[in-house]
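Observations on the three-dimensional arrangement
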Amino acid sequence: RSASIMAFPPTMSAAELLKNGQGMMASLRLLFGGTPDEGQPAQNPIGKVSVPSLYVCGTSDTAILCSRPYAKKTEDYVADAAYTYLEVD
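Owing to the predicted nature of the structure, the values given are computational and were not obtained by experimental measurement.

Overview of the nonpolar core
Ranked by size, the top nonpolar core spans six residues in total: Tyr55, Cys57, Cys66, Ala71, Val78 and Tyr83. In this structure, Tyr83 is in contact with Ser53, Tyr55, Lys72, Thr74, Glu75 and Val78, ignoring residues within four places of it in sequence.

Things to note about a nonpolar patch on the surface
Among the surface-exposed residues, Met24, Met25, Leu28, Leu31 and Phe32 lie close enough to one another that they form a single nonpolar patch of about 590 Å² accessible area. For Met24, a relative accessible area of 61% puts it in the exposed group.

A closer look at the pattern of salt bridges
Any two side chains of opposite charge can pair, given that their charged atoms come close. Going through the model one piece at a time under the given rule, you end up with one salt bridge. One salt bridge in this structure joins Glu87 and Lys72, with 3.5 Å as the shortest N-O distance. Of the two residues, Glu87 is situated in strand 2 (residues 83-88) and Lys72 in helix 3 (residues 69-72); the sequence distance between them amounts to 15 residues. With relative accessibility at 38%, the residue Glu87 sits in the partly exposed group. Given a relative accessible area of 38%, Lys72 falls into the partly exposed group.

A look at unusual backbone geometry
Working note: non-glycine residues mostly have negative phi, and peptide bonds are mostly trans. Located in the positive-phi region is Leu65, a residue other than glycine, with phi close to 55°. Along the chain, Leu65 turns up in the loop between strand 1 (53-58) and helix 3. Among the residues examined, Leu65 registers a relative accessible area of 26% and is labelled partly exposed.

Some details on the state of the cysteines
Applying the stated criterion across every chain yields a total of one disulfide. Between the sulfur atoms of Cys57 and its disulfide partner Cys66 the distance amounts to 2.1 Å. Around the S-S axis, the bridge from Cys57 to Cys66 shows a dihedral of about 90° and counts as right-handed. Residue Cys57 shares its accessibility class with Cys66, and that shared class is buried.

Regarding the layout of surface pockets
Roughly 350 Å³ of volume is contained in the second largest pocket. Lining the second largest pocket are 15 residues, with Met12, Leu17, Gln22, Met25 and Ala63 positioned closest to its centre. Broken down by element, the lining of the second largest pocket gets its largest block of residues, three residues, from helix 2 (residues 23-32). Split into classes, the residues belonging to the lining of the second largest pocket amount to 10 nonpolar, four polar and one charged.

How each quantity is defined
- Residues numbered from 1 in each chain as written.
- Predicted model: local features only at pLDDT ≥ 70, side-chain atom pairs only at ≥ 80, totals over all residues.
- Heavy atoms only, no water.
- Core = buried A, V, L, I, M, F, W, Y, C linked by side-chain atoms within 4.5 Å.
- Buried < 20%, exposed > 50% of the residue type's maximum accessible area, 1.4 Å probe, protein only.
- Contact = heavy atoms within 4.5 Å.
- Patch = residues over 30% accessible without salt bridge, like charges linked within 9 Å, V, L, I, M, F, W, Y side chains within 5 Å.
- Areas by Shrake-Rupley, 256 points an atom, 1.4 Å probe, with all protein chains shown as cover.
- Salt bridge = Lys/Arg side-chain N within 4 Å of Asp/Glu carboxyl O.
- Helix = DSSP H or I, 4+ residues; strand = E, 2+ residues; numbered from the N terminus.
- Disulfide = S-S within 2.5 Å.
- 1 Å grid on protein atoms, 1.4 Å probe; cavity = no way out; pocket = protein on both sides within 12 Å on 5 of 7 lines; lining within 4 Å.
- Points joined across faces, edges and corners; volume = space filled by probe spheres on them.
- Nonpolar A, V, L, I, M, F, W, Y, C, P; charged D, E, K, R; others polar.

Taken by themselves, the reported measurements are silent on function.
Below, the structure written as structure tokens:
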């Protein structure tokens, strides 16, 4: 697979998912398969966006973990436009 504008996140094995407390995702990996890999960065990043942006974060989300400091840095990718970060449960 080849990344272009969007990056591909790593694909974790069922064992890795289980080790990280993701039992349901481990079951789905076993059911549907998938070859573990390291992921791939975007080859042609778009840079900063210049449109108003709203990032809605579900604090109970166990996959995106959008309330973590690294996720809150999404504001750094918005230039000359309004940015709103909204946490919901």
